[in-house]
Amino acid sequence: VAARAPVARVLAAAAPAAATARPAAAPASWAVARDGLEGYSVRYPGTWTAVTTANTTRGVFLRNPFNIEENLFVNYSSPSSSNYSSVQELGSPEDAAKGVIDRYLQEFMSTRLGIRRESEIVRSGEREGSDGRLYYDVVVRIKSFAAPNQYGLTQEERVQSLEWDRTQMATFGVANKRLYELRIQVPSSRYAADEAQLQEILNNFELFAMEPGRTML
């Protein structure tokens with residue numbers, strides 16, 4: 001899924017490293033964003049707010065206002081250049097997870113000296129959604145380390161330290177001959193506490209036949 005990949009950079013860049021997060025709590029209410037034109041709907045905590053930037057002119061982009069490093073967006077392939085019949089065309093769920101890592105590392109490739117990235121697949125699997133479709137769910141963790149002194153002459157002057165640690169949760173599905181991806185980003189320090197709520201968002205991602213003329217509801 002390449003049509004909306006740059007959004008990940010927009011959302012990550014908008015989050016300051018020292019953001020203060022409130023403890024996760026079950027939302028008092030949930031909201032639904034339904035895009036009839038593109039053929040998907042997302043159910044999310046009612047407190048989350050829309051993100052609007054120059055690079056997010058359409059579709060679902062949402063952020064937790066109490067923890068702005070926690071956000072989600074929907075990505076989908078072009079209807080004119082894709083002909084998917086099943087999510088299994090991605091390979092296995094583990095293959096899909098590797099693809100998330102590869103795209104993220106490519107997008108955040110740095111020209112700075114002394115940068116090191118570490119990644120791991122936390123889990124991957126498949127499930128049948130409430131709409132009867134097959135979905136792949138994956139979770140990956142990516143860390144970035146940097147040396148404060150990029151031009152240090154000795155190894156001691158180029159000691160690397162952790163600059164960010166993020167967990168990406170994603171669900172993939174196929175409908176309308178298109179590949180859809182719902183991606184959620186959360187600081188790894190919050191993943192265990194927020195996992196159940198974020199997984200519920202993934203579980204309620206639904207695809208349906210596109211409805212020409214129907215945009216966001």
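So, here is what we can say about the structure in this document. As the structure is a computational prediction, the values presented were derived from the model and not from experiment.

### Side note on the sheet that holds strand β9 (residues 178-187)
The seven strands lie next to each other as β3-β4-β5-β9-β8-β7-β6, forming an open sheet whose pairing is antiparallel. The outermost strands of the open sheet, each flanked by one partner alone, are β3 (49-50) and β6 (115-128). Both β3 and strand β4 (residues 61-63) contribute to a ladder of two bridges, which runs antiparallel. Bridged to T49 within β4 is R63.

### Side note on the pattern of salt bridges
Per the counting criterion, the structure on display carries 12 salt bridges. Two residues, E200 and R43, come together in a salt bridge whose shortest N-O distance is 3.1 Å. Of the two residues, E200 sits in helix α3 (residues 188-203) while R43 sits in strand β2 (residues 40-45), which places them 157 residues apart along the sequence. Judged by its relative accessible area of 31%, E200 falls in the partly exposed class. We classify R43 as partly exposed; its relative accessible area is 26%.

### Looking at the environment of G39
With respect to the helices and strands, G39 occurs in the loop between β1 (30-35) and β2. Between the C-alpha atom of G39 and that of Y180, which follows or precedes it by 141 residues, the distance is 9.5 Å. When sequence neighbours within four positions are dropped, the list of residues in contact with G39 reads N176, Y180, E206, L207, F208 and M210.

Parameters at a glance
Here the residue index of a chain counts from 1 through its sequence in written order. The model is predicted, so local features are restricted to residues of pLDDT at least 70 and side-chain atom pairs to those at 80 or more, both for listing and for counting; the totals for chains, interfaces and linings are taken over all residues. Hydrogen atoms and water are omitted, and side-chain values are computed over all heavy atoms in the structure. Two strands make a pair as long as DSSP finds a minimum of two bridges between them. A run of H or I in DSSP counts as a helix once it spans at least four residues, and a run of E counts as a strand once it spans at least two, with each numbered from the N terminus. Each reported salt bridge corresponds to a side-chain nitrogen of Lys or Arg within 4 Å of a carboxyl oxygen of Asp or Glu. With a 1.4 Å probe rolled over the protein chains alone, any residue whose accessible area is under 20% of its type maximum counts as buried; one over 50% counts as exposed, and the rest are partly exposed. Residue contacts are counted whenever heavy atoms from the two residues lie within 4.5 Å of one another.

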